[in-house]
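Summary of structural features
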Amino acid sequence: MKKILLILLLLVIGFAIYWFKFKDKGQDSGPKQEALKVSKHSEGFNKSIDTMLTAYFDMHDAFVDADTAKAKAACKNLIALADSVKLDELKTDTASVYEAGAMQMKDIVTNAQSLLQQKDITEMRQDFRMVGENIYPLLKTIHYEGKTLYWQNCPMAFGEDKGANSISNTKKGVNP
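Reference entry: report on the structure contained in this document.

Conventions used here
Per chain, the residues get numbers from 1 upward, laid out in the order the sequence is written. The predicted origin of the model limits local features to residues at a pLDDT of at least 70 and limits the giving and counting of side-chain atom pairs to 80 or more, whereas totals for whole chains, interfaces and linings rest on all residues. Derived side-chain values reflect all non-hydrogen atoms in the structure, with water molecules and hydrogen atoms excluded from consideration. Segments assigned H or I by DSSP are reported as helices when at least four residues long, segments assigned E as strands when at least two residues long, and all are numbered from the N terminus. Accessible areas in this description were obtained via Shrake-Rupley with a 1.4 Å probe; residue shielding takes into account the shown protein chains only. Like-charged residues are merged into a patch within 9 Å and nonpolar side chains (Val, Leu, Ile, Met, Phe, Trp, Tyr) within 5 Å, provided each residue has over 30% relative accessible area and no salt bridge. By definition, a salt bridge exists where a carboxyl oxygen of Asp or Glu is found within 4 Å of a side-chain nitrogen of Lys or Arg.

**Points about the overall build of the protein**
Counting secondary structure elements, the protein contains five helices and two strands. From first element to last, N terminus to C terminus, the protein shows the α and β order α-α-α-α-α-β-β. Here the protein has roughly 11,900 Å² of accessible surface; of this, 57% comes from carbon and sulfur atoms.

**So, a nonpolar patch on the surface**
There is a patch of nonpolar side chains on the surface, built from Met1, Ile4, Leu5, Ile7, Leu8 and Leu11 and spanning about 680 Å² of accessible area. Along the chain, Ile4 falls in helix H1 (residues 2–22).

**A word on the pattern of salt bridges**
Pairing between side chains of opposite charge can happen when their charged atoms approach one another. Inspection of every chain in the model, using the stated rule, returns one salt bridge. Put simply, Lys91 and Asp88 hold a salt bridge, and the shortest N to O gap is 3.8 Å.

Here it is, written out as structure tokens:
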């Protein structure tokens, strides 16, 4: 009797293995479906943010090269692009999101305008730091949907114990 039960158990296990391993082998299920990407914002909104970020990264690169003329040119571009960001789209969200985004955008522009007034590169870098310090929470407030960005820290950007943060579009940190 034990032999018969053992044989039946082995047959059931064998059938189960066959069923789960080979049941779909003969069928072509076609290409796998990919999940749809759901965007909270319009393409125009996302593009306006990405374009503004490109100007920020141009400023970043200019400071890496210590080129104040390029930094100021990129800063002027950032101000113009910040003014053209389609923040009105946030009004369909909650009022507080729109108001917070508008206030952060105003702070970005204010710090960028301050940068344009500076003659000393260290002071310009301080204002650039503040521009990034205002862009970062804006991106969090609006739930930025673009490419991956990195919040990088340089612990001695302005000397001992005077660090600074900046946004980067690469993992490798290059301090402005």
